[in-house]
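Here is how the chains run, residue by residue.
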Protein chains: 2
Amino acid sequence: MIRRIFITQIFLMIIMASFCQSGVAAIVQSPFLQWETGFNKDKSTFPDRWIPAQVPGAVQLDYARANHWEPHYYAENWKDYLWMEDVYWTYRTKFPKPEMGVGEKLFFVSKGIDYEFEIWLNGEKLFYQEGMFTAVNLDLTGSLAEENELLIRIYPAPKIPGFDLNRSQAAQSVKPAVSYGWDWHPRLVPLGIWDETALEIRKNSYIDDFYTHYQLDDDLTHADITVFAQGNGLEGKRFEWVLHDPDKKLIVQEKGIISSDNLVSVTMEKPKLWWPHDHGNQPLYSSEIKIFDGEGKMVDEKKHTVGFRRVRLVMNKGLWQEDIPYPKTRNKPPITMEVNGRSIFSKGTNWVNPEIFPGTITADRYQELLDLAVEANFNMLRVWGGGIVNKESFYEKCNEMGILVWTEFPLACNNYIGTEEYLRILEQESHSIIKRLRKHPSNAIWSGGNELFNNWSGMTDQSLALRLLNSQCYILDPQTPFIPTSPIYGMGHGNYIFRDFDGKTEVYQWMPRSNSTAYTEFGMPGPSPVEILESIIPAEELFPPMPGTSWESHHAFKAWVGDTWLMKDMLIDYFGEPESLEELVANGQWIQCEGYKCIYEEARRQKPWCSMALNWCYNEPWPTAANNSLINYPSKPKPAFYAVSESCRPVLASARIQKFSWETGEKFTVGLFLLNDQYEEIGAGKMTVFLQSGNEKIEIGSWNYSGTRPNQNLEGPLVETVLPDFLPGKMTLAVEVEGHPEWNSEYVLLKY
Amino acid sequence: MIRRIFITQIFLMIIMASFCQSGVAAIVQSPFLQWETGFNKDKSTFPDRWIPAQVPGAVQLDYARANHWEPHYYAENWKDYLWMEDVYWTYRTKFPKPEMGVGEKLFFVSKGIDYEFEIWLNGEKLFYQEGMFTAVNLDLTGSLAEENELLIRIYPAPKIPGFDLNRSQAAQSVKPAVSYGWDWHPRLVPLGIWDETALEIRKNSYIDDFYTHYQLDDDLTHADITVFAQGNGLEGKRFEWVLHDPDKKLIVQEKGIISSDNLVSVTMEKPKLWWPHDHGNQPLYSSEIKIFDGEGKMVDEKKHTVGFRRVRLVMNKGLWQEDIPYPKTRNKPPITMEVNGRSIFSKGTNWVNPEIFPGTITADRYQELLDLAVEANFNMLRVWGGGIVNKESFYEKCNEMGILVWTEFPLACNNYIGTEEYLRILEQESHSIIKRLRKHPSNAIWSGGNELFNNWSGMTDQSLALRLLNSQCYILDPQTPFIPTSPIYGMGHGNYIFRDFDGKTEVYQWMPRSNSTAYTEFGMPGPSPVEILESIIPAEELFPPMPGTSWESHHAFKAWVGDTWLMKDMLIDYFGEPESLEELVANGQWIQCEGYKCIYEEARRQKPWCSMALNWCYNEPWPTAANNSLINYPSKPKPAFYAVSESCRPVLASARIQKFSWETGEKFTVGLFLLNDQYEEIGAGKMTVFLQSGNEKIEIGSWNYSGTRPNQNLEGPLVETVLPDFLPGKMTLAVEVEGHPEWNSEYVLLKY
């Protein structure tokens, strides 16, 4: 048990926190230990100048704050930070010895220190670790003085010597690769204490890890529950374990004497099942363990929530029936998410770090972004392997909100060679990550990382790093699916543009020809709104946008291949030279909206062969000038966000469109669909198709559709017309459903 | 240490053997314990009638022997054995208590008992195990009397209740599926003691497992060696470890006191490297451990051979460059075998059980078949997952002979659902298999099993059984490649016929259009020679072959799809109604020869995109009437064996042929190749192409080829002619290489 009574008589305070899992000892956010930081160029000494530090945070932000720098996201300011990745930073805090009872111990605990570090107390080096995802639980007791100085020396950012200044430098560390520079992320490599950190007084007996494992039987009516606890001095102690249902009603209570890690095995009847938000409720049970000493005094307690669900990756319907000629290769692997026996279409997005410096991500930021994910009708987030593994509050909110999380280990677009050193750190980090996240019902897929089986990475099924991750996930969390990377065979990544660079093929043409089993990345770039552009680009550079300006370092030019991400040439080709920044932005956002609608809806039309649509990307870690994201930094939806939200409604009328720009007299053809992802039948009805320009609205066809079974789409007729002599500009294709205006859809096309 | 002094004063004797690895205590083959067996229908009693039993062997063979049955392979005799799989068999042996010193123990040891069994001593049940691949090491000491009766009760063959009488019954056990019936194997499910079995006197301290692990550095000039030993009473004992080179010269010697399983870590310079026979020598080192007690007396010793090699699966050349359009899926996985840094083309075959009853497989049988494999120019054997994991002598010979072994776990063509019970047995069995085989340099690939990712099996990357196997191999033997099954993505299985059943496409046409990265199964059926047919088919059924006779139960009719395996209809279509059995057999064997030559050589022409050609299958477990095998039971090569041997020469002239049967005046076109798998350059030269019929031999073209680099093929010109008016019958295409008659090739085609 953690004592929650603090040293109040001294100028610095100690936070009491329960680490590694939400326990009874609630995190006390204030008052904080007082931290300072400083840097020097080598390891022979410690800094002689100190500045105030925020914990959690990042040394770069502390330095910028102390020196009154302008925001790192304005203009080219980010370049000023580059040198900071190559020096030694040291955190310092001072505290008096707290009052402790007999047998009590003082621990330094941190959920995450980024990336390689030493911990010193009173001039003595007590600890060294490489790895930012393994919590520190360091017993300081033996080295305590009356007045104490705690130092945390952070090493320079890990880099493979001699490699270019890009992500390849990260290929022998378990440091997220994105901060080494990406096509939507500047090079800015965070360092420092990035998650909750405190001093903790513990009894001699305490729990380090508490885990309530369950396995549901085939018909989901029984849960075989096994309760594990590991820690110090637990053997022979009395325990009491209780499980409460979501209404706080006591469901199971077990008592006993601890003789092994496995405390309890019980079978529970009729667990209330946890569902993603678009398929049901999120009943969360509470599992709680208390440990008592010989005198009956409680010495520790922990609790965590439990959501009962069974997640599997099952074969997409039709995959087993695919006709493979001799010589026969394998069938494609499964990628349909099945929750509690129900195959669902996964609609969602690729989540990236919401901040360049993850130490500054707050629970509130997670909340804002996750609220929007539900608004977008997303049931799945792929947490992309180029970024961090998110903090506990992220998963806690996803548990509560019914969002499925695909968690990738921090490997991306590199060949992570399985050297002994690398595998040792990867094993340590993945072990910590899996043990932390396996408790969360929202955590639904493990993935080794991003695009590792593509030729720009060069990893294969033989790569030891991926075999290690599969093995660790199998041992620690076998009931959660594992895939080595995305894409695996049959899945697709890309494309990321509205129209090919040769101008020949638009998304409207290539997407209906695709037959991926899952679209787990696809992008559609759009510019940021004017007010954001004004906040990051000096006024004199704002219009017209040009390469070599802050537009470029904010990813509008030369970000990826071709004319990315502003797509200025393409926009001019469609719409002519823009007269204002506002016009340019409006045109780019229009394209982004329609492109995304096309892909999401076409992927859904390909159900059940296709079972997943996750765009690249959801959010962004700093304000970009143009990006594939749906949401601008920090959490401002673009117009495309609302367009995608419409395309992801559980039920909607959907139109397959042939192309974007039209001329009078052309044959205009549109394919009609009723898309239904809900597990409810839909009765027969009628949808009518209109073309609209200004005040003119012409009916061009209709479809009397039959009913459809739960989770089944309907394909309707092709509607044809000759395009009338509309005025140039926007032309809206509207599909209206009789009696169900909430299923209506609109597509805005370009009339020349 | 195992005492090798025996109880000679009594009628029954005890074999002393060193189990689990070849140790200093050589296996004494005689005298044997005297065994008997008998059966009864349930577990409530033991048999009351006993017959002599051979150990190792099979209860079915004991019963047949005792009842003077005709061979199981003659006519329909195999059907008489069916009932035996459903009863309880018990082995019995009696022995007096041996003389043992203070602290010595008597162990019952068996390398394999098939499949689920109990061991009783003097009326007391001491042991139960499910699984035939985990050795038994049972301490009998505490239950010994002056006169002892040891019983081994074998349970009925494992079956999933209610399933059809075929391989599907094996899908929840680690029992090889083949014996439940296959298209070349009758239903005959072996039961009994199938590997070396004895009583053993041990000191109180003994070694159970001894393993010399090494890892070669990148340039293969240093081996980091770690010596492990596990056993009983080893801690605190003195050890001596020595490594001798192939010339018995002492290379390393280390002494110490045992404090953990890891005894020694040393680096050795310049190890002599082990190669497959067609690329180098097979230097085998000897690693030996001795354990001494406090008085300096040796209490145990073990040794095993070590072959230093690095095996990897690396990307086939060109795979990373494959142009994948958006949406991009993954690149295909690697399947080129790299040994000691050299990419080699794997030529070989699929090995099946050489006996229906694996207890009767001897080291001599392995030797005969492996000698033939070298004669066939094979460097790789895929030990197919439908059969057993072979005995130690198989791997020892492959070590000595330089044959690479691809070892599959016993899963084949079923969906092995990951129930808790199944995974527990699979973990036990795979653990035993990996720990045994990881010592052998010949063991080069682990595979989860056969065709598990195809729709007739229904397993996927998510199957827990395959994740378990990958995890176990990663933990116990990470340096050896693991693939979940064959085929994986890009590899091909099949086809298994010379001509499609619709008569439209021959192997000559489909094979050049294929682009598999490896052909790991492909078949070409051929009838067995007349003398074998006469030994298995009653005289009155011999000619003409008809369905519903012993031809059918020996796989000539209705074995697989279509007209398999005799292909009688196709043969009549090509050659007309045969007038004799001899003519039919000759025609079928001709087709088999030419079909196999076409596939092996075409696969080699597709190098480096293709890197492997392994036909289905090498041998057979009983005499078939017709089969894809190259070798008839027990080890008699078919003509196709010699044809394949020619096609697998390291260097040869090779012709790409358009079709099998020809008429006068047709345009005859042949593509010329020089195939070179050796790592030596070939100088410029000339090859000339002839067509020959009877005594007529016409030159139709030639090719002055340039030199070629090591391991590189050359593609030559197309040679064209108008087919002359040859007599009907055999027409030979001969390609002759000036100065290198050993590279000449011949193809026998049909002239109408």
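Structure: see above.
Each chain has its residues counted from 1, following the order in which its sequence is written. Key to labels: chains lettered from A, ligands numbered from 1, both in the order written. Local features in this predicted model are restricted to residues whose pLDDT is 70 or higher, and side-chain atom pairs enter the listing and the counts only when it is 80 or higher, whereas totals over whole chains, interfaces and linings include all residues. The side-chain quantities take in all heavy atoms of the structure and omit both hydrogens and water.

Engineer: Pulling in residues and values, what's your account of the interface of chain B and chain A?
Structural biologist: How big an interface is tends to be reported as the loss of accessible area on association of its parts. The contact criterion used throughout is that any non-hydrogen atoms of two residues lie within 4.5 Å. Taken residue by residue, the interface counts 50 residues in chain B and 50 residues in chain A. Roughly 4,000 Å² is buried in total at the junction of chain B and chain A, and carbon and sulfur atoms are behind 54% of that figure. On the chain B side of the contact with chain A, R330(B), R467(B) and Y474(B) bury the most area, a combined 19% of that side's loss. Across the pair R330(B) and D461(A) runs a salt bridge, and its minimum N-O distance is 2.7 Å. Those elements that place two or more of their residues in the side of chain B that touches chain A are α5 (464-476), β26 (482-483) and β27 (492-493) of chain B. Basically, the charged four are Asp, Glu, Lys and Arg, the nonpolar ten are Ala, Val, Leu, Ile, Met, Phe, Trp, Tyr, Cys and Pro, and anything else, Gly included, counts as polar. Of the residues in the side of chain B that touches chain A, the class split is 28 nonpolar, 17 polar and five charged. Two parts placed together each lose some accessible area under a 1.4 Å probe, and adding up what both lose gives the buried area. Salt bridge, as used here: a side-chain nitrogen of Lys or Arg that lies within 4 Å of a carboxyl oxygen of Asp or Glu. Strands here mean DSSP runs of E at least two residues long; helices mean DSSP runs of H or I at least four residues long; both are numbered from the N terminus.

Engineer: Quick one: what's the story with the environment of T37(A), residue by residue and with numbers?
Structural biologist: All names here are of chain A. Structurally, the position occupied by T37 is in strand β1 (residues 35-40). Summary of the burial criterion: residues with accessible area below 20% of their type's maximum are buried, those above 50% are exposed, and those between are partly exposed, where the area comes from a 1.4 Å probe applied to protein chains only. Since its relative accessible area comes to 0%, T37 is described here as buried. For the pair T37 and G685, spaced 648 residues apart in sequence, the C-alpha to C-alpha distance is 67 Å. The definition of a polar contact used here is a pair of N or O atoms within 3.5 Å, where within protein one atom must be able to donate a hydrogen and the other to accept one, and adjacent residues in sequence count solely through side-chain atom pairs. Polar side-chain contacts of T37 include one of 2.9 Å to the backbone oxygen of T90.

Engineer: Lay out the sheet that holds strand β34 (residues 651-657) of chain B in plain terms, naming residues and giving numbers.
Structural biologist: Strand-to-strand pairing in sheets goes through backbone hydrogen bonds, with the strands running parallel or antiparallel. All names here are of chain B. One open sheet holds the three strands; their spatial order is β34-β36-β39, and the pairing between them is antiparallel. Two strands bound the open sheet, and with one partner strand each, they are β34 and β39 (714-722). Sheet twist, expressed as the average angle between the axes of neighbouring strands with direction ignored, equals 25°. The rule for pairing is simple: two strands pair if DSSP sees at least two bridges between them. Of the pairings in the sheet, the one linking strand β36 (residues 667-676) to β39 comprises seven bridges and is antiparallel in character. In the sheet register, F668 faces β39, and the bridge partner there is T721. Helix-sheet contacts for helix α10 (residues 581-605) involve β34 and β36, and the interaxial angle to β34 is about 105°. Helix axes are fitted to C-alpha atoms over the stretch in contact, other axes to C-alpha atoms as well, and angles between N-to-C directions run from 0 to 180 degrees.

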